[in-house]
Amino acid sequence: MMLLQIEGLQSFYGRSQALFNVNLSMEEGQVVALMGRNGMGKTTTIRSLCRIMPYRHGNVRFLDRDLAAMRPHRVARLGIGLVPEGRRCFPNLSVHENLVVAARPGAWSLERVGLLFPRLRERQNQMARTLSGGEQQMLAIGRALMTNPKLLILDEATEGLAPVIRQEIWAAVRELKGEGQSILIVDKTLKELMRVADRCTILERGANVWDGAPADLDGDIQDRFLGV
Ligand code: ATP
């Protein structure tokens, strides 16, 4: 069974159309990179599939369930864990509390998040607002994992972070992949993205223009679709 299947997705901001024809399918255990230059529709695709914004045409199926009529919290409960752009945590809760309030029954525990991100374990009693940007990002990922998602979605998880922290996050992503976690990922660090992804799909003006293995994403394609 396909984990995620998006067909002919169209999405609008008011009357302005942002997605024209997005198609994406993912199998369980895969890491798929959603790529494309700024403003090409990556975040809108993610927001649409999580139903944070409505889509007007097309199909989105997750584990063979139709997401069209679902509210965002139902989508989350079905097993989609979103780490949105700009890392949302509760600023006035501690690290520990932030993780506990997200928890749902499953394989993930405080201890396991602490093993993945030792920095969080060391800071478990610290208020989230006093964490560094990178630590907040780790906490946002930890919160998503505490829901035991079948699909983890990372939207620009390493953006604006110090190189050391970026590396820690990429190491965690690789570790998650090794454990069989399905991940849909948007990131500007091409090198790391291509190292971890099983497949890449490129969007241009709200539609897919290329899909393939990272090894086939050669310089020409990068220049054409990803260059600035
Ligand atoms: P980025 O890397 O810059 O976030 P992206 O590929 O994620 O780019 P989107 O944010 O999905 O792109 O934007 C797709 C299109 O939708 C763009 O043309 C953008 O201007 C438009 N758009 C995004 N958010 C809004 C909004 N809140 N209102 C109106 N138009 C929007």
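Before any of the text, the structure's been laid out above.
Heads up: these notes are all about the structure in this document. Worth saying up front: this structure is predicted, and the values here are computed from it rather than measured. (Residues numbered from 1 in each chain as written. Predicted model: local features only at pLDDT ≥ 70, side-chain atom pairs only at ≥ 80, totals over all residues. Heavy atoms only, no water.)

Quick look at the pairing of strand E2 (residues 16-27)
Where strand E1 (residues 2-13) and E2 come together, eight bridges link them in antiparallel fashion. Directly across from Leu9, in E2, lies its bridge partner Val22. The hairpin formed by E1 and E2 contains two residues between the paired strands, and Gly14 there has a positive phi angle of roughly 60 degrees. (Pairing = 2+ DSSP bridges. Helix = DSSP H or I, 4+ residues; strand = E, 2+ residues; numbered from the N terminus.)

Observations concerning the pattern of salt bridges
All told, the structure shown has 13 salt bridges when counted by the stated rule. Among the ionic pairs, Arg119 bridges to Glu168, the shortest N-O distance being 2.7 Å. Note that Arg119 is positioned in helix H5 (residues 118-122) and Glu168 in helix H7 (residues 163-178), a separation of 49 residues in sequence. Take Glu168: its relative accessible area is 29%, and that puts it in the partly exposed class. With its nearest N and O atoms 3.3 Å apart, the salt bridge here joins Glu122 to Arg123. On the accessibility criterion, Glu122 (61% relative accessible area) is exposed. For Arg123, a relative accessible area of 22% translates into the label partly exposed. What emerges from the salt-bridge pattern is a single network uniting Arg119, Glu122, Arg123, Glu135 and Glu168. (Salt bridge = Lys/Arg side-chain N within 4 Å of Asp/Glu carboxyl O. Buried < 20%, exposed > 50% of the residue type's maximum accessible area, 1.4 Å probe, protein only.)

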